[in-house]
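Each chain, letter by letter, is given below.
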Amino acid sequence: MSEYKPELIEPRWQEFWLKNKIFQTDDNDRHRPKYYVLDMFPYPSSSGLHVGHPEGYTATDIIARYKRMNGYNVLHPIGWDAFGLPAEQYAIKTGTHPRKTTIRNIDGFRRQLQSLGFSYDWDREVDTTDPAYYRWTQWIVLKMFEKGLAYEASVPVNWCPALGTVLANEEVIDGKSEVGGYPVERKPMRQWMLKITEYAERLLEDLEGLDWPESIKEMQRNWIGKSEGANALFRLKSDETAQIEVFTTRPDTLFGATYMVLAPEHTLVDRITTKAQKEAVAEYREMAARKSDLDRTDLNKDKTGVFTGAYAVNPVNGEEIPVWIADYVMMSYGTGAIMAVPGHDERDWEFARKYDLPIVEVVKGGNIEEEAYTDIEEGISVNSANDEISLNGLPVAEAKTQISKWLEEKGLGKYAVTYKLRDWLFSRQRYWGEPFPVIHVDGKPKPLPEDQLPVTLPEMDDFLPTKTGEPPLAKAGDWLQTTDPETGKPAVRETNTMPQWAGSCWYYLRYISPDYEQGPVDPEKEKYWMPVDLYVGGAEHAVLHLLYARFWHKVLYDIGVVSTREPFYRLVNQGMILGELEFTAYKDNSGNYVHPEESGKGEDLERIKLTEKEVEKKGDKFVIRGTGTPVDARSFKMSKSRGNVINPDDVVKQYGADSLRLYEMFMGPLEQVKPWSMQGVEGVYRFLKRVWRLFIDEESGEPVAQIMSAAEAEPDRVHLKLLHEAIKKVTEDIEGHRFNTAISALMIFTNEAMKWDSRPVVVLRPFVLLLSPFAPHLAEELWSVLGKIDGKGEATLANEPWPEYDEACLKDDTKIYAVQVNGKVRGQIEVPADKAAVKDFVLEVARNDTGVQRHLSNGKVVKEIFVPNRVINFVVK
RNA sequence: GCGAGAGUGGUGAAAUUGGUAGACACGCUAGAUUUAGGAUCUAGUGCCGAAAGGCUUGGGGGUUCGAGUCCCCCCUCUCGUACCA
């Protein structure tokens, strides 16, 4: 071998690592500190890896390799979140059993991941579709039944006829299914729910201690949506027995409540509606029921509603106020009813304007003729007094406390907290998911005893749901009919299955003891390994996966299965990788290039893709070269339809896994969104070739003559300075996840070392170790080359200690100062290091610099700034 | 609308506490070696200018001897969210 040929090097080392189980984690070694570094659970899709996967995986692999070399016992596993809709839909289309597809896809993913040289412990693979795994998923759900955290409910769900299943709110985007984009409608169905709301407060509170991106924490906080306020009771004018309870965050505006609104689905509506209004109300309710959530929000500019004919009494001032129904009030939030304060709530203001309802000012500070005044900092209560209490003159916060106290004393209301978070709709009408460990006896659901687990999926060849929306499992006759193991009574199995989230809620625990038989995780090992020290994945899981997993973890904590309150101590989101930068010009019907925005008829324009050479930059935009016609210059999300998808396999084939890994890390900061560039891959590939030539003579294929063993040549100060600078920079940058600048430090070392006539092994060896987390195949290869030269070193560098830098080697003989005059750099001076901190000496040298002198002669020096080892500034007047 | 984040060369980006802006890489220009090369090496490359010099981190103000970095106002983009009372 002569040139750098990754296709020859890489498979050899991958096989070596695998065969010798180099990265197998030793569970019983409790002396070393542990480090658990985790990638987000991949779904093994049929299309294989995309370049986004290796981004996070490379980052965690670098950390894992680095931590091992630093003496940590590292847990770095991978597995498969393999239940899910695509395999089932493929089965419906082709008749191929989902298990078959799943196995094939997993094999594909495993092959791809291994071809990238990731240092996973392959003996810990887990697969959510394996009964040995989902046995414990079912077990956890069983525990939830026991704790009363799972219940059945008939809820209007997002029924997608095309997919034949119910979708969670978060799987519906703009009224269409996230998968496939099919229309979704509302339909009431029997469902399993999990009481995540019971954990709302803890899920919110425990965010505090987590080292997560602030944006993700904020999204979770918003999702949980805690509001503090009061519940207040309004009695009805005509019906002494009925009361309307409302939730408000602004009890201080109670005197300004001029009407009330119930959600159309509110149970009181039938009871309070007057005869005269019955028809109008019924009509409105029917219309509202037909609307999906999307339609409701879509129409949010034009609020609608109907008067019920009933009046309620405002408890603070005895005013009789009309009760309306309107779909801008949601049954699922708060109490499903509001007191409307149009003076100080935008929505109520709009509604009141439209239906000509009175608007009263009770907080001074704005102009309620123009818009609702919602400020809570400056506003002062007015018009808010009765015989017993007056809020007048109080700021909002104080008014809130006063009125809440009063309401409570009177039994008219009390302090209340409401969350946006809803219970988790936990069942799906699908085949390819975990069956529930539940049977129905005498029409009632009953959890199975633990020893009946796992409840395995029945073999089927028809995966279509029934026409009524009953899950496919309803067709599994033999499986469906069973007996209650306790009573022997005939029983029917639950036919819903769990959503895909279930398996991914606790997989990080199974990795710890994948073969443990007595529970989901070996408690002793759990105590050693948990929590996860570093969790890396895409921001698309910011809310759902991370919230669900935190919820399950807390349940497991409560029943003593895990020892930590939170599963993931530190979270990092990798930024999305976009396609290559694209230049697009637009032509109109007559074939003239136009500006897309100025033309104002964007839909008729023809899009022309231009190359980099066909455009130039003018001002702050790109134009067609030689003309003034602007073009769009943008990178887009990779997608099949756009044709800008990069397949990692192709990159590996052309440049090798090390180049792919290196490029993905060199592109920019891990967390940032960044566009792909094939030329950038070329760049790092050239770097690796240069590294190769630092060691190997391309003509002969032998090590270069410049390499000196320890016996032949001592490293000199220049060698050591360069090396130790690299060690310092690379070490600190890996610790701070600044992989791009770490690579740049490796490049600087290589560029300099290439010029050396003598390349001492004792300098090259640490360099190879620094390179190894980034480009492990090349590093192993070069390590073995060095081993042949001086007969030292192990067969693999994976367990070598990480190099440490020596401060003494970093010292310079001289220091360089920038010399400024009035803040502008006018010269540069070099002074001996031992005198660099001597102010008078350095200033004298600076004054004598010819370039500086010229600028000093213009006036009088009034001030001299001296920043040791950096800069001097003369202020001249 | 609201919330969060980000704007630095032709491009991806550096600049860890306020101290020489543009490291490293891509691209480009010239040259060398060369049958050729998407190979390698050398030199150059923020902008304006012949040079001296001036200008420059989205725009405008401010603090400071000194601002990409701190403060105020504005603009643009990305992501999230959507009647949550």
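Report on the accompanying structure. Worth saying up front: this structure is predicted, and the values here are computed from it rather than measured.

## Here's the deal with the overall build of chain A
- The helix and strand tally for chain A stands at 27 helices and 37 strands.
- Principal-axis analysis of the C-alpha atoms gives chain A an extent of 105 × 85 × 70 Å.
- Expressed as a percentage of contacts within chain A between residues at least 6 apart in sequence, the contacts between residues at least 24 apart total 70%.
- Carbon and sulfur atoms make up 48% of the accessible area of chain A, which amounts to about 40,200 Å² in all.
- Computed over 108 positive and 137 negative side-chain charges, the inter-centroid distance for chain A is 2 Å.

## Considerations on the protein's contact with RNA strand B
- Taken together, 57 residues lie around RNA strand B, and Ser227, Thr249, Arg347, Met667 and Arg854 are the ones closest in.
- Backbone atoms, meaning sugar plus phosphate, form 66% of the atoms of RNA strand B positioned within 4 Å of the protein.
- Note that a sugar or linking oxygen of RNA strand B is positioned 3.0 Å from one of the backbone N or O atoms of tyrosine 328.
- In the surface near RNA strand B, the residues fall into 21 nonpolar, 17 polar and 19 charged.

## Digging into the pattern of salt bridges
- The full count for this structure, using the stated rule, is 51 salt bridges.
- For arginine 65, the salt bridge goes to aspartate 61, with nearest N and O atoms at 2.9 Å. Placement of the pair is arginine 65 and aspartate 61 together in helix 2 (residues 52-69), with a separation of 4 residues, close to one helical turn.
- On the basis of relative accessibility, which here comes to 0%, the residue aspartate 61 falls in the buried class.
- Measuring nitrogen to oxygen at the nearest pair gives 3.0 Å for the salt bridge that ties arginine 99 to glutamate 459. Highlighted residues: arginine 99 in helix 4 (residues 98-114) and glutamate 459 in the loop between strand 19 (444-447) and helix 13 (477-480), separated in sequence by 360 residues.
- Through salt bridges that share partners, Asp206, Arg550, Lys554, Arg565 and Glu566 make up one connected network.

## Structural notes on helix 23 (residues 739-753)
- A rise of 1.5 Å per residue sets the reference length of helix 23, with its 15 residues, at 21 Å; its end C-alpha atoms lie 21 Å apart and thus fit the reference within 8%.
- Turning to helix 23, its buried residues are Phe739, Asn740, Ala742, Ile743, Ala745, Leu746, Met747, Phe749, Thr750 and Ala753.
- Structurally, helix 23 contributes buried residues whose contacts are with helix 2, helix 20 (657-666), helix 21 (678-695), helix 22 (717-735), strand 33 (759-760) and helix 24 (761-771).

## Topic: the sheet that holds strand 17 (residues 424-425)
- In spatial order, the strands read 4-3-7-17; together these 4 strands make up an open sheet with antiparallel pairing. Edge positions in the open sheet fall to strand 4 (165-167) and strand 17, since each of these has one partner strand only.

## Here's the deal with the packing of helix 1 (residues 6-19) against helix 25 (residues 776-790)
- The N-to-C vectors of helix 1 and helix 25 enclose an angle of 85°; their axes lie 9 Å apart at closest approach. When the axes of helix 1 and helix 25 are compared, the pair comes out roughly perpendicular. On helix 25, the residues that touch Ile9, Glu10, Arg12, Trp13, Gln14 and Trp17 of helix 1 are Pro776, His777, Glu780, Glu781 and Ser784.
- Partitioning the contact of helix 1 with helix 25 into residue classes produces 4 nonpolar, 3 polar and 4 charged.

## Some thoughts on helix 5 (residues 131-146)
- With 16 residues, helix 5 ought to run about 22 Å at 1.5 Å a step, and its terminal C-alpha atoms sit 22 Å apart, in line with that.
- Helix 5 sits mainly inside the fold: 12 of its 16 residues count as buried.
- When we look at burial in helix 5, the residues that qualify are Tyr133, Tyr134, Trp136, Thr137, Gln138, Trp139, Ile140, Val141, Leu142, Lys143, Met144 and Phe145.
- Just past helix 5, the residue glycine 148 takes up positive phi, approximately 75°.

## A look at the sheet that holds strand 22 (residues 534-538)
- Read from one edge to the other, the open sheet built from 4 strands follows the order 2-1-22-23, with strand pairing classed as parallel. Each edge of the open sheet carries a strand with a single partner, namely strand 2 (73-75) and strand 23 (571-574). The average angle at which neighbouring strand axes cross in this sheet is 20°, direction not considered.
- Inspection of the sheet shows strand 22 paired to strand 23 by 4 bridges, in the parallel sense. Directly across from glycine 537, in strand 23, lies its bridge partner asparagine 573.
- Lying on the sheet, helix 2 is in contact with strand 1 (34-39), strand 2, strand 22 and strand 23; it crosses strand 1 at an angle near 170°.

## Notes on the environment of valine 261
- Structurally, valine 261 can be placed in strand 10 (residues 259-262).
- Residue contacts for valine 261: discarding those within four places in its chain leaves Trp324, Ile325, Ala326, Tyr328, Val329, Gly336, Ala337 and Ile338.

## Let's talk about the side chain of aspartate 81
- When you line up the elements, aspartate 81 lands in the loop between strand 2 and helix 3 (85-94).
- Of the side chains with opposite charge, arginine 430 comes closest to the buried, unpaired aspartate 81, at an N-O distance of 10.0 Å.
- Non-local contacts of aspartate 81, meaning those with residues more than four positions away in its chain, are made with Phe41, Pro42, Tyr43, Pro44, Thr128, Gln500 and Ser504.

## Focus: the packing of aromatic side chains
- Counted according to the given criterion, the structure contains 46 aromatic pairs.
- Ring centres of tyrosine 199 and phenylalanine 551 lie 5.4 Å apart, and the angle between their planes is 65°; this geometry places the pair in the edge-to-face category. Of this pair, tyrosine 199 sits in the loop between strand 7 (185-194) and helix 6 (200-205) while phenylalanine 551 sits in helix 17 (residues 544-558), and the two are 352 residues apart along the sequence.
- Note on tyrosine 199: relative accessible area 3%, which makes it buried.
- Relative accessible area serves as the criterion here: at 0%, phenylalanine 551 is assigned to the buried category.
- A ring pair is formed by tryptophan 501 and tyrosine 548, whose centres lie 5.5 Å apart and whose planes are at 70°; its orientation type is edge-to-face. Placement of the pair is tryptophan 501 in helix 14 (residues 501-504) and tyrosine 548 in helix 17, with a sequence separation of 47 residues.
- Following the ring pairs from residue to residue traces out a cluster consisting of Phe145, Trp192, Tyr199, Trp424, Phe426, Phe436, Trp501, Tyr548, Phe551 and Trp552.
- In this structure, arginine 30 is placed above the aromatic ring of tyrosine 528, and the distance from its NZ or CZ to the ring centre is 4.7 Å.

## Concerning unusual backbone geometry
- Each neighbour pair has its own omega, and for leucine 453 with proline 454 the value is -5°, a cis peptide bond.
- With omega at 0°, the peptide bond leading from methionine 530 into proline 531 counts as cis.
- By secondary structure assignment, the location of proline 531 is in the loop between helix 16 (523-529) and strand 22.
- Of note in the backbone geometry, aspartate 442 takes a positive phi value of approximately 50° without being a glycine.
- Tracing the backbone through its elements, the reader meets aspartate 442 in the loop between strand 18 (438-441) and strand 19.

## Side note on the side chain of asparagine 873
- By the secondary structure assignment, asparagine 873 is in strand 37 (residues 871-876).
- Polar contacts involving the side chain of asparagine 873 include one to the main-chain amide nitrogen of asparagine 822, which spans 3.4 Å.
- A polar atom in the side chain of asparagine 873 sits 3.1 Å from the backbone nitrogen of glycine 823.
- Apart from residues lying up to four places away in sequence, asparagine 873 is in contact with Gln820, Val821, Asn822, Gly823, Lys863, Glu864 and Ile865.

## Some thoughts on the packing of helix 20 against helix 23
- Look at helix 20 against helix 23: their axes get within 7 Å of each other, and the N-to-C directions meet at 120°. Relative to helix 23, the element helix 20 lies oblique. Side by side, helix 20 and helix 23 meet where Leu662, Met665 and Phe666 of the first sit next to Phe739, Asn740, Ile743, Ser744 and Met747 of the second.
- Considered class by class, the residues forming the contact of helix 20 with helix 23 number 6 nonpolar, 2 polar and no charged.

## Looking at the nonpolar core
- Counting residues in each nonpolar core, the largest one holds 91 residues, and the members touching the most others are Trp676, Phe695, Phe749 and Phe774.
- When residues in this core are grouped by element, the largest group, 9 residues, is from helix 21.
- Contact partners of phenylalanine 774, with chain neighbours within four places excluded, come to Ile62, Asp658, Arg661, Leu662, Val730, Ile734, Phe739, Ala742, Ile743 and Leu746.
- Counting residues in hydrophobic clusters, the runner-up holds 83 residues, among them Phe145, Tyr199, Trp432 and Leu571.

## Notes on the pairing of strand 29 (residues 621-624)
- For strand 28 (residues 615-618) and strand 29, the ladder comprises 4 bridges, and the chain directions are antiparallel. The partner of glutamate 616 across the bridge, within strand 29, is valine 623.
- Hairpin connection from strand 28 to strand 29: 2 residues lie between these consecutive antiparallel strands, with glycine 619 at a positive phi of about 65°.

Basis of the calculations
- Residues numbered from 1 in each chain as written.
- Chains lettered and ligands numbered in written order.
- Predicted model: local features only at pLDDT ≥ 70, side-chain atom pairs only at ≥ 80, totals over all residues.
- Heavy atoms only, no water.
- Helix = DSSP H or I, 4+ residues; strand = E, 2+ residues; numbered from the N terminus.
- Contact = heavy atoms within 4.5 Å.
- Areas by Shrake-Rupley, 256 points an atom, 1.4 Å probe, with all protein chains shown as cover.
- Lys, Arg positive; Asp, Glu negative; His and termini not counted.
- Charge placed at Lys NZ, Arg CZ, Asp CG, Glu CD.
- Near = heavy atom within 4 Å.
- Polar contact = N/O pair within 3.5 Å; in protein donor to acceptor, adjacent residues only side chain to side chain.
- Nonpolar A, V, L, I, M, F, W, Y, C, P; charged D, E, K, R; others polar.
- Salt bridge = Lys/Arg side-chain N within 4 Å of Asp/Glu carboxyl O.
- Buried < 20%, exposed > 50% of the residue type's maximum accessible area, 1.4 Å probe, protein only.
- Expected span 1.5 Å × (residues − 1).
- Pairing = 2+ DSSP bridges.
- Axes fitted to C-alpha atoms, helices over the stretch in contact; angles between N-to-C directions.
- Parallel < 35°, antiparallel > 145°, perpendicular 65-115°, else oblique.
- Phe/Tyr/Trp six-rings, centres within 6.5 Å; stacked < 30°, edge-to-face > 60°.
- Lys NZ or Arg CZ within 6 Å of the ring centre and 35° of its normal.
- Core = buried A, V, L, I, M, F, W, Y, C linked by side-chain atoms within 4.5 Å.

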